[in-house]
Each structure stands twice: as structure tokens, then as C-alpha cells.
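Tertiary structure, described
The lines below spell out each chain.
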Amino acid sequence: MSKADILRYMRTSSKTDNEQILALADKAIEIIKETAVPKTLCRVFDCEVGEDTVTIDGVTFNSKRLAQNMNGCNKAAVFGATLGIAVDKRIQIASATDVALAMALQAAAADKIEEVCDNLEDTIKAQYGVTLRQRYSPGYFDLDITEQKKFFSLLQLEKRIGLTLTDTCEMVPTKSVTAFIGMEG
């Protein structure tokens, strides 16, 4: 985990010398390291990229920006990643008792899920010997958040890694990511 990134997520300078803020970041890092139970699921599919659609395993996602991002790719890595429900519970408890710690935990958890996603990308690159496009998730730009329902059905995330979707298409646990990654090579 990157303390500098966590401090940035906390909206403070990564070069701060404020001992209280640094101690808070250190505490949050330790709690997230102890609490997080990362789980990931990734599958690689053939894909067809149109002008404003991407079709993966017969499921069409409507987004001009996603299509632009994946233009030229004929395969896509599709993944879900989560830190687990214990992280959400720990942040919720801190929110009621120590707002500053809750903010630091949010920042540390955000950094940890990014680390999990980055490690998954490294694994995909090594396993398939490809270059990856930028991750692209439901809810970004013109890829409507409701497309998350199609995404979940494609991977069966609830059954496989315990990631669920609310009626408003928010993920539970909240420190989770779903994304498409175009593959070149």
C-alpha cells in the first residue's frame, strides 16, 4: 500500500510532517491490512467492438467511450475484485465513533483495492503475454451504471466472490471494483 497515495486520498499533502495525520494513516493501513480479505474473479472472453457497443459472450454493452477504449481488441479481460464485507463493517464502526479514522480507513481501503486491481492486471499480462488497455467500469462516462447488471450476470460475482448488487446498482461490499480491460497482442 502507498502511504503517499493514502494521504492524497485523505486530501492532504503526501509530504506532510503532521504527526497526527501520519499516525492516523499508519493506523488505517494496519487495520485494512488486518481486515481486508481480497477476492478476485477474472475471465477472458472474445469480444466484438462496434461504433458504440462492445459485445462479450453474447452480452452487448452500450457505450461509445468503452468501444473507443477497446477499439482494435478482439479479447477482453472482465473482472470483479473486492476487499470483503469486514472492511465495510470496520469503516461503518469508525464512522460512528471516530470520523477522522473513518476517513483514513476509506482512503486506505481505496488504495488497497487499487493495489488488488493492479496486481490482477500484472497477472493477466504475465499469463497472456499481452498489453492491456485502461480499466473501464460500469458507471464511467457513458457506460450507464445499470450495465452493471449485465456485467454481474456475465461473471456470476455473487456466487463466486460474494459481491452483490443493490437495486440502485451499487456494489456490496463497497470497496469493490468491476472492470473491462481490452487486451492487445
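In this report, the structure presented in the accompanying data block is examined. Source: prediction; values computed, not measured. (Residues numbered from 1 in each chain as written. Predicted model: local features only at pLDDT ≥ 70, side-chain atom pairs only at ≥ 80, totals over all residues. Heavy atoms only, no water.)

**Brief notes about the pairing of strand 3 (residues 59-62)**
As judged from the four bridges shared by strand 2 (residues 53-56) and strand 3, these two strands associate in the antiparallel manner. Each residue of the ladder has a partner; that of Ile-56, found in strand 3, is Val-59. From the end of strand 2 to the start of strand 3, which pair antiparallel, there are two residues, and Asp-57 there has a positive phi angle of about 50°. (Pairing = 2+ DSSP bridges. Helix = DSSP H or I, 4+ residues; strand = E, 2+ residues; numbered from the N terminus.)

**A closer look at the sheet that holds strand 3**
Ordered by their spatial adjacency, six strands build an open sheet running 3-2-1-4-8-5, and the pairing between neighbours is antiparallel. Of all the strands in the sheet, just strand 3 and strand 5 (131-132) have a single pairing partner and so form its edges. Strand contacts of helix 6 (residues 148-155): strand 1 (39-49), strand 2, strand 3, strand 4 (75-82) and strand 8 (176-184), with the helix running at about 150° to strand 3, the strand carrying the most contacts. (Contact = heavy atoms within 4.5 Å. Axes fitted to C-alpha atoms, helices over the stretch in contact; angles between N-to-C directions.)

**Quick word on the nonpolar core**
It is characteristic of soluble globular proteins that their nonpolar side chains tend to be buried jointly. Residues Met-10, Phe-79 and Leu-105 are the most contacted members of the largest nonpolar core, which totals 35 residues. At the level of elements, helix 1 (3-9), helix 2 (19-35), strand 4, helix 4 (85-97), helix 5 (99-128) and strand 8 are the ones that each hand at least two residues to this core. The leading source of residues in this core is helix 5, at 12 residues. Once residues lying within four places of it in the same chain are set aside, the contact partners of Phe-79 are Leu-41, Cys-42, Cys-117, Leu-120, Arg-135, Phe-151, Leu-155, Val-177, Thr-178, Ala-179 and Ile-181. Among the nonpolar cores identified, the runner-up in size contains 22 residues, and Ile-56, Ala-67, Val-78 and Met-171 belong to it. (Core = buried A, V, L, I, M, F, W, Y, C linked by side-chain atoms within 4.5 Å. Buried < 20%, exposed > 50% of the residue type's maximum accessible area, 1.4 Å probe, protein only.)

**Regarding the pattern of salt bridges**
As enumerated under the stated definition, the model contains 10 salt bridges in all. Residue Glu-115 is joined to Lys-112 by a salt bridge in which the shortest nitrogen-to-oxygen separation is 2.8 Å. One end of the pair, Glu-115, and the other, Lys-112, are both in helix 5, three residues apart, so they sit about a helical turn from each other. Overall, Lys-112 belongs to the buried group, its relative accessible area being 15%. Arg-133 is the partner of Glu-184 in a salt bridge, and the nearest nitrogen-oxygen pair spans 2.6 Å. Of this pair, Glu-184 sits in strand 8 while Arg-133 sits in the loop between strand 5 and helix 6, placing them 51 residues apart in sequence. By relative accessible area, which is 32% here, Glu-184 ends up partly exposed. Each member of the salt-bridge network shares a partner with another, and the members are Glu-114, Asp-118, Glu-121 and Arg-135. (Salt bridge = Lys/Arg side-chain N within 4 Å of Asp/Glu carboxyl O.)

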